[in-house]
Amino acid sequence: MLGYLGVGLVAAATLLYEVALTRIFSIAYGYHFAFLAMSLGLLGFGASGTLLALRPPSGQPLRGTLLARLAAAASIALVCGYAVSNVIPFDPYRVGWEPGQLGLLAAYLLCYAIAFLLAGLVLGLPLISWPQRAPGLYGANLAGSAAGAVLALVALDRADPIAAVLLAGLMAALGSLAFACALPEARAPTGYPTRVDRFVGLMVVVLALVGLWQPPSWLDVRLSPYKPLAQLESIPDTRILDRRSSASARIDAVSSSTIHSAPGLTLQYQATLPKQSALVVDGEVVLPLTAREGLTRSFVDGLPTSLAYHLRPASRTLVLEPGGGLEVLSALELGTRSVVAVESNRLLAEQLTSHLSSQAGDIYKDPRVQLVVSNPRGYLARSHDEFNLVMLALSENRRLVTAGAFSLSETYPLTAEAFDGYFGHLAPDGLLVVHRWLQLPPTEELRAAVLVADALRRAGKDPVTRIIAIRSFSTMLLLAKQEPFKQPEIELAKNFARERQFDVVWYPGIRPDEANIANVLHRDRYYDTFHQLMSDERTLYDQYDYDVTPPRDGRPFFFHFFKWRQTPTVVALLGKTWQPFGGSGYLILVALLVLTIALSSALLFVPAIAVRRRRHRDRAVRDKRAPPMVYFAALGCGFLLIEVALVQRFVLFLDYPAQSFAIVVCGLLASSGLGSFWSTQMPWRAALAALVAAVALYPLLLPTVFSHFLAQGIEARIGITLLLLAPLGFLMGIGFPRGLAALGATRPVRLPLAWGVNGFTSVISAVLAPMIALSWGFAAVFGCAALAYLVALLAAGGSPRIGDPVAVMACEPAGQRPRQ
């Protein structure tokens with residue numbers, strides 16, 4: 001049993017490390033880089049299959065000492081790989097004009113790949129040496145991975161990513177100790193331990209515990225020098241006031257004389273700016289904290305959003321995602337009657353209600369303000385309140401988004417379904433207020449307007465008479481209501497814009513000569529695109545250079561504006577924009593897909609030749625009905641497509657990405673582990689057929705479940721999630737161990753190749769899944785997964801039945817049979 005425990009511990013360590021890397025990559029380089037962690041892990045597993053195919057296990061029994069040494073090496077590599085990578089001067093911002101950065105990127109990724117390769121060997125060797133025990137071994141692997149997902153959430157929430165890395169090293173070291181202490185039982189796939197292996201395992205455990213107790217400073221995450229936090233730290237008077245971390249974010253409280261932020265503030269404002277500090281999320285998003293010191297009414301009245309309070313004085317206001325709280329502070333200064341502020345980041349809310357409260361103007365101590373820590377969509381589903389103003393605050397810093405560098409982030413507060421909820425919580429004659437950064441050509445501000453217009457049209461209302469849009473030097477403000485704007489309201493908005501030197505982009509009855517007056521552009525593309533949106537939105541969607549169609553919950557990527565017609569422009573601008581990977585944006589996914597396919601093909605081609613040459617020496621029963629490699633490829637493809645799609649889809653239901661990842665992966669892998677344990681008792685092909693049907697059904701089922709239960713508490717939603725995933729995961733866990741057992745019974749020489757094929761197709765799917773979701777939505781990802789499992793079903797059609805005595809005996813050559 002200790003052997004199975006060792007497998008589970010190493011699997012847990014591997015997944016914990018994978019999750020920790022997503023946070024480290026996000027902090028160091030950005031969210032767009034984090035998805036590489038999963039690909040790295042799977043690539044290491046695939047490479048372990050290549051190595052095992054080239055150097056297959058000998059005919060001797062697999063000994064626990066070998067697994068113990070590999071697990072100890074993996075434990076050391078998990079920590080040392082991160083430590084070495086942390087000193088490699090790789091920077092994605094310089095890739096576009098420094099080709100040498102590609103070499104540094106390769107070295108950087110190699111540091112992590114070695115650890116995953118060793119972990120893959122630990123998990124793959126027992127499966128290859130003991131295919132008849134695949135259900136138990138694969139079940140232990142999946143159960144350990146499920147535990148690692150939960151442990152990752154706890155470790156990241158209670159400590160930080162560095163502690164999670166060290167904890168992963170500790171878990172692998174405990175796995176090494178378990179292998180070293182395993183007895184040569186009949187049921188344990190291990191050999192005789194040695195005292196040296198036990199001592200080494202124990203020493204690695206001790207070192208990991210020491211590191212956890214007091215992590216050395218040289219393990220701190222090294223930020224790209226071009227990230228906003230690194231740039232702030234380069235200023236002499238900058239001080240880091242506080243640093244806290246959770247599973248969803250690392251937040252640094254920063255004080256600096258250079259922090260001044262007031263999105264859209266009129267250029268007419270000439271008075272002193274209020275004192276500001278900032279909270280920086282993951283080194284990237286700068287949230288200004290505005291103190292009351294130096295704050296004047298003229299300052300907040302010079303912000304574009306103050307128009308809403310002129311139109312609806314003494315209002316009852318809902319502010320969604322207030323960030324540093326400037327919109328809440330403005331509402332209080334402009335005389336709002338009450339404010340409900342909905343903040344999804346628990347750590348941010350805790351900081352602004354405790355030691356940083358005064359730096360944010362003590363906004364959450366004001367009796368008029370109610371702070372709700374919740375996903376905005378969840379709050380709206382639970383609440384039946386109506387508001388005079390529903391405001392989507394502009395709480396992130398401006399970024400170039402047209403190339404798609406930030407495409408991968410799921411933005412459920414900015415989907416068509418979300419805007420239906422916003423309009424549904426407006427009181428009679430209430431206003432929806434949306435504030436976005438200006439981009440040129442128009443993208444994010446135009447897509448926000450598209451969402452507003454689309455929601456009105458679906459409600460049977462004409463957006464032409466229900467939208468007002470004004471632009472400042474840097475931002476655009478959208479105002480919308482369910483009834484047509486009255487003439488006095490329109491005149492008030494026009495006077496407001498004229499007094500502050502803002503430009504009117506749209507109002508009911510606007511003339512072309514009334515736009516583009518204050519901040520004059522050679523060509524006013526804002527008015528042009530708004531005019532086309534109001535008159536013929538379908539033509540706009542089809543002919544515009546960027547994708548500005550309204551995002552939906554099934555494709556919630558607000559910042560994905562990429563169209564293939566942009567490719568020549570993006571390629572021409574490579575290295576000429578201040579963005580990661582030279583501004584390649586979405587094309588980096590395409591490049592990564594090509595790279596993973598080429599690398600996987602190369603790593604599979606060599607062992608395939610080696611396996612073919614050894615086939616004539618294989619004394620096992622040869623059976624043409626053995627599952628072909630396409631079977632294992634289809635399983636790897638289908639499993640990862642489903643996993644990635646479910647993690648992204650459940651972000652809405654489970655509040656934030658890290659929690660969605662931990663719970664979905666835990667539920668899916670735990671139930672898959674049960675499926676693996678019970679796989680020999682289940683009809684193989686019937687299970688695959690049921691899986692195809694289930695995967696096809698889930699895209700239809702999930703929206704209904706989410707709409708009915710989104711209002712429930714998080715505990716209930718977690719329970720519903722686990723129940724939803726249990727049948728799907730159970731069926732997903734049956735195919736792989738059954739296929740391995742069948743292959744071991746007929747062509748055991750091909751077992752390492754099957755392990756590698758499964759790993760490499762998983763790598764490709766981990767990249768392919770977000771690409772499909774970005775282009776066609778999650779339903780298309782599920783459709784591709786169903787097709788993959790259908791291919792597996794067809795490939796398994798001629799395979800031998802497990803349980804046949806000949807198959808069992810063929811699976812256990814004399815040198816490898818366990819003692820009875």
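Residues numbered from 1 in each chain as written. Predicted model: local features only at pLDDT ≥ 70, side-chain atom pairs only at ≥ 80, totals over all residues. Heavy atoms only, no water.

## Some thoughts on the overall build of the protein
- Looking only at helices and strands, the protein features 30 helices and twelve strands.
- Residues counted as buried form 63% of the 820 residues belonging to the protein.
- The long-range share in the protein, meaning contacts at least 24 apart out of those at least 6 apart in sequence, stands at 78%.
- Accessible surface for the protein amounts to roughly 30,600 Å². Of this, 63% is attributable to carbon and sulfur atoms. (Helix = DSSP H or I, 4+ residues; strand = E, 2+ residues; numbered from the N terminus. Buried < 20%, exposed > 50% of the residue type's maximum accessible area, 1.4 Å probe, protein only. Contact = heavy atoms within 4.5 Å. Areas by Shrake-Rupley, 256 points an atom, 1.4 Å probe, with all protein chains shown as cover.)

## Description of the sheet that holds strand β5 (residues 316-320)
- Strands sit in the order β7-β6-β5-β8-β9-β11-β10-β12 across an open sheet of eight strands; the sheet is mixed. The sheet terminates laterally at β7 (369-373) and β12 (503-506), the two strands that pair on one side only. Going from strand to strand, the sheet's axes swing by 20 degrees on average, the running direction of each strand aside.
- Sheet analysis places strand β8 (residues 387-392) next to strand β9 (residues 426-437), joined by five bridges and oriented parallel. Counted as the bridge partner of valine 390 is leucine 432 from β9.
- Strands β5, β8, β9 and β11 (475-480) of the sheet are contacted by helix α15 (residues 416-424), whose axis makes an angle of about 140 degrees with β9.
- Packed onto the sheet, helix α18 (residues 525-535) meets β10 (467-471), β11 and β12 and runs at close to 25 degrees relative to β12. (Pairing = 2+ DSSP bridges. Axes fitted to C-alpha atoms, helices over the stretch in contact; angles between N-to-C directions.)

## Looking at the confidence of the model for the protein
- Residues with a pLDDT of 70 or more make up 84% of the protein, whose mean pLDDT is 84.
- In the predicted structure, residues 184-193 sits below a pLDDT of 50 and forms 34 contacts with residues beyond four places in sequence or in another chain.
- The low-confidence segment residues 802-820 (pLDDT under 50) makes 34 contacts with residues lying over four places distant or belonging to another chain. (pLDDT = per-residue confidence, 0-100.)

## Side note on the packing of helix α22 (residues 629-649) against helix α24 (residues 657-677)
- Where α22 meets α24, the axes come as close as 9 Å, and the angle between the chain directions of the two elements is 145 degrees. Handedness of the α22/α24 crossing: right-handed. Where α22 abuts α24, its residues Phe639, Glu643, Leu646 and Val647 lie against Ser660, Phe661, Val664, Val665, Leu668, Leu669 and Ser672.
- Grouping the amino acids of the contact of α22 with α24 by side-chain chemistry returns eight nonpolar, two polar and one charged. (Left-handed = near helix turned anticlockwise from the far one by under 90°. Nonpolar A, V, L, I, M, F, W, Y, C, P; charged D, E, K, R; others polar.)

## Some points on the packing of aromatic side chains
- Under the defined criterion, the tally for this structure stands at 21 aromatic pairs.
- Here tyrosine 269 and phenylalanine 299 contribute two aromatic rings whose centre-to-centre distance is 5.7 Å and whose plane-to-plane angle is 70 degrees, an arrangement assigned as edge-to-face. Remark: phenylalanine 299 occurs in helix α10 (residues 297-301) and tyrosine 269 occurs in the loop between β2 (250-255) and β3 (276-281); sequence separation between them is 30 residues. Each member of the pair, tyrosine 269 as well as phenylalanine 299, is classed as buried.
- Seen from their ring centres, phenylalanine 650 and phenylalanine 706 are 5.1 Å apart, and the 75 degrees between their planes marks the pair as edge-to-face. Residue phenylalanine 650 is located in the loop between α22 and α23 (651-654), and its partner phenylalanine 706 is located in helix α25 (residues 684-709); the two are separated by 56 residues in the primary sequence. Both residues of the pair, phenylalanine 650 and phenylalanine 706, belong to the buried class. (Phe/Tyr/Trp six-rings, centres within 6.5 Å; stacked < 30°, edge-to-face > 60°.)

## Some points on the side chain of glutamate 489
- Assignment of secondary structure puts glutamate 489 in helix α17 (residues 487-499).
- Polar contacts involving the side chain of glutamate 489 include one to the main-chain amide nitrogen of lysine 486, which spans 2.9 Å.
- In contact with glutamate 489, other than residues within four places in its own chain, are Leu311, Arg312, Asp429 and Lys481. (Polar contact = N/O pair within 3.5 Å; in protein donor to acceptor, adjacent residues only side chain to side chain.)

## Quick look at the packing of α22 against helix α29 (residues 778-795)
- Here α22 crosses α29 at 155 degrees, and the two axes come no closer than 8 Å. Here α22 lies roughly antiparallel to α29, going by the angle between them. Handedness of the crossing formed by α22 with α29: left-handed.
- For the contact of α22 with α29, a count of residues per class yields 20 nonpolar, two polar and one charged. (Parallel < 35°, antiparallel > 145°, perpendicular 65-115°, else oblique.)

## A short note on the sheet that holds β2
- The sheet built from four strands is open, its strands ordered β1-β2-β3-β4 with antiparallel pairing. With partners counted over all chains shown, the strands left at the sheet margins are β1 (239-245) and β4 (285-290), one partner each. This sheet shows a mean twist of 20 degrees between the axes of neighbouring strands, independent of strand direction.
- Here β3 pairs with β4 via six bridges, running antiparallel. Residue pairing in the sheet places serine 277 in a bridge with leucine 289 of β4.

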